[in-house]
Amino acid sequence: QVQLVESGGGLVQPGGSLRLSCLASESIFSINAMGWYRQAPGKQRELVAVITSGGGINYADSVKGRFTISRDKAKNTVYLQMNSLKPEDTAVYSCNAQFYNPKRDYWGQGTQVTVSS
């Protein structure tokens, strides 16, 4: 059982920045993929960014060039740096850990990000 704890959400003005952190209860390199997802009110949850244990990275088209996913092995932490935030980025952001074989999914509790003037 992997426990994930997110932090770093909050209220920010359009154009501002936030950095989200996801602390894992075990080595992040033992996890096949870690990602950030978000869910806005009335919308389905969507993938924002994912990083694999091998270092492969993918972003949603809507955040490319603005968001950066990274990791710190020593701290068992994955980060999501969010720049040039827009009101449409407002959502609950959740950290996810995936194991491929056998397939298992773990989620953090989520952190609210609100972009508003």
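The structure under discussion appears in the preceding block.
Here is a short report on the structure shown in this document. (Residues numbered from 1 in each chain as written. Predicted model: local features only at pLDDT ≥ 70, side-chain atom pairs only at ≥ 80, totals over all residues. Heavy atoms only, no water.)

**Looking at the environment of Ala-40**
Then, number 1: Relative to the elements of secondary structure, Ala-40 occurs in the loop between strand S4 (33-39) and strand S5 (46-52).
Then, number 2: Leave out the neighbours within four places in its chain, and Ala-40 touches Thr-90 and Ala-91. (Helix = DSSP H or I, 4+ residues; strand = E, 2+ residues; numbered from the N terminus. Contact = heavy atoms within 4.5 Å.)

**What to know about the pairing of strand S8 (residues 77-82)**
Then, number 1: Of all six residues making up S8, five are buried, and the element is well covered by its neighbours.
Then, number 2: The pairing of strand S3 (residues 18-24) with S8 spans six bridges and is classified as antiparallel. Bridging from a neighbouring strand, Leu-20 pairs with Leu-80 of S8.
Then, number 3: Of the strand pairs in this sheet, strand S7 (residues 67-72) and S8 are connected by six bridges, and their pairing is antiparallel. Considered in S8, the bridge of Asp-72 is made with Thr-77. (Buried < 20%, exposed > 50% of the residue type's maximum accessible area, 1.4 Å probe, protein only. Pairing = 2+ DSSP bridges.)

**As for the side chain of Glu-6**
Then, number 1: Tracing the backbone shows Glu-6 in strand S1 (residues 4-7).
Then, number 2: Although Glu-6 is buried, it forms no salt bridge, and the closest oppositely charged side chain is Arg-45 at an N-O distance of 8.8 Å.
Then, number 3: At 2.9 Å, the side chain of Glu-6 forms a polar contact with the backbone nitrogen of Gln-109.
Then, number 4: Those residues in contact with Glu-6 that lie beyond four places of it in its chain are Ser-21, Cys-22, Trp-36, Tyr-93, Ser-94, Cys-95, Gly-108, Gln-109, Gly-110 and Thr-111. (Lys, Arg positive; Asp, Glu negative; His and termini not counted. Salt bridge = Lys/Arg side-chain N within 4 Å of Asp/Glu carboxyl O. Polar contact = N/O pair within 3.5 Å; in protein donor to acceptor, adjacent residues only side chain to side chain.)

**A word on the nonpolar core**
One broad rule of soluble globular proteins: the nonpolar side chains tend to lie buried together.
Then, number 1: Ranked by size, the top nonpolar core spans 31 residues in total, and within it Leu-4, Met-34, Trp-36, Leu-80, Met-82 and Tyr-93 carry the most contacts.
Then, number 2: Those elements that provide at least two residues to this core are S3, S4, S5, S7, S8, strand S9 (91-100) and strand S11 (111-115).
Then, number 3: Ignoring any residue separated from it by four or fewer positions in sequence, one finds Leu-4 in contact with Cys-22, Leu-23, Ala-24, Met-34, Cys-95, Asn-96, Ala-97, Tyr-106, Trp-107, Gly-108 and Gln-109. (Core = buried A, V, L, I, M, F, W, Y, C linked by side-chain atoms within 4.5 Å.)

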